[in-house]
Each structure stands twice: as C-alpha cells, then as structure tokens.
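Examination of the molecular architecture
Residues per chain are reported as follows:
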Amino acid sequence: MKKVLFVCLGNICRSPTAEAVFKKMAKEAGLKVEIDSAGTIATHTGEAPDSRSMEHGKKRGYSFHGQFSRKVKQSDFQYFDHIFAMDKSNLRDLLAQCPQEFQHKVQLFLTLSGDPEQEVPDPYYGGDAGFERVLELVENASTALITQLKSA
Ligand code: 4NP
C-alpha cells in the first residue's frame, strides 16, 4: 500500500484539507492508500484543523475526523512514498531536513496538476475566498494523484 504525506506550515489549514480531500477521493476510486498530513512548525501541535477549513471542506462532503496537527518528523522521510509540499517555502524546509536518499519523494503538490500557480496559497490570514481556492487547487491535484497512483 502506498503512503502519502501532505505538508504545509501549521498543519491546520492546507495539508489537513489535502488529507481530507484525498482520503475521500481515494476511497471513491477504490485505491488503498495510507494518508497523513503534517506541518513544518510545531506551533499548533495537537490542535484540530482550523474551523474555517473544516467549515468550507465539510460543505463539499469532506471529513476532518481524527485529524490533529503534528510536526514533520525525521522518520516520515523513510516511511512515506510521496511527500507533497503545499508551497515553495514548505518544500525548502522539507528538503533542508530530508536525507539525500529520500529527497526524490518530496515535491510541490501542484506540479501533479500542472497548475501554473505551483503553490497552494496560505489562507490563514485571509477570508472565505482563500479557503475555497485551497479546496479547488487541492481537488485538482488530488484528481491527478489518483490517476498517477492508479497507473503505477
Ligand atoms: P497552514 O496555515 O500552513 O495551511 O496550516 C497556517 C497555519 C498557521 C500559521 C500559518 C499558516 N501560523 O502562523 O500559525
């Protein structure tokens, strides 16, 4: 079974959204995948996802049940097959702590969907539109990830 980790800064907005979206899509596609998310900082450790992320996500049918923020740990680089960063800053932080032998596992999530924006923008300090945009970008990249894992 493939193992996928989504990573953002705080693990309360973008990567929990990616986890929720991809869990639902993978289940619907009949794909058996282990899915988790984490943050590059520990500020929100133990917290449930941001209430705004959950409110917007739940409207589209996604579940955030059992999600609590955690920081990326060294063993993640060995354990997971694919590690997806939400933005370039997350990517830099991940690569800085990832052993050379596992660096090939780490990439920007939106490169999968070929999105020219490349990054899932941080919605934390913004309004509703930012949370909707996160969902759109994550849904597109998740569709591409399903296709990739199915053909693997
Ligand atoms: P996330 O959003 O990285 O998508 O979870 C943020 C969450 C917390 C903070 C920044 C972004 N923060 O500064 O605490």
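Calculation notes
Residues numbered from 1 in each chain as written. Predicted model: local features only at pLDDT ≥ 70, side-chain atom pairs only at ≥ 80, totals over all residues. Heavy atoms only, no water. Core = buried A, V, L, I, M, F, W, Y, C linked by side-chain atoms within 4.5 Å. Buried < 20%, exposed > 50% of the residue type's maximum accessible area, 1.4 Å probe, protein only. Helix = DSSP H or I, 4+ residues; strand = E, 2+ residues; numbered from the N terminus. Contact = heavy atoms within 4.5 Å. Axes fitted to C-alpha atoms, helices over the stretch in contact; angles between N-to-C directions. Parallel < 35°, antiparallel > 145°, perpendicular 65-115°, else oblique. Left-handed = near helix turned anticlockwise from the far one by under 90°. Nonpolar A, V, L, I, M, F, W, Y, C, P; charged D, E, K, R; others polar.

1. Notes on the nonpolar core
Generally speaking, soluble globular proteins have nonpolar side chains that are buried together. Counting 30 residues, the largest nonpolar core has Val4, Phe6, Phe22, Val33, Phe109 and Leu145 as the members making the most contacts within it. At the level of elements, β1 (2-8), α1 (14-28), β2 (33-39) and α5 (128-151) are the ones that each hand at least two residues to this core. With residues up to four places along the chain from it excluded, the contact list for Phe109 reads Phe6, Ala18, Phe84, Ala85, Met86, Val138, Ala141, Ser142 and Leu145. Ranked by size, the runner-up nonpolar core spans 14 residues in total, among them Ala38, Ile83, Ala85 and Phe102.

2. A short note on the packing of helix α2 (residues 51-59) against α5
At a closest axis distance of 10 Å, the pairing of α2 and α5 adopts a crossing angle of 60 degrees. Between α2 and α5, the interaxial angle falls into the category oblique. Handedness of the α2/α5 crossing: right-handed. For the pair α2 and α5, contact is made by Arg52, Ser53, His56 and Gly57 and by Asp128, Phe131, Glu132 and Leu135, respectively. Its residues assigned to classes, the contact of α2 with α5 comprises two nonpolar, three polar and three charged.

3. Quick notes on unusual backbone geometry
Phi at Asn11 is positive, roughly 55 degrees, even though this residue is not glycine. Positionally, Asn11 belongs in the loop between β1 and α1. According to the relative accessible area criterion, Asn11 is buried, its value standing at 2%. We note that Gln118 has phi near 65 degrees; this positive angle belongs to a residue other than glycine. Here Gln118 is to be found in the loop between β4 (106-108) and α5.

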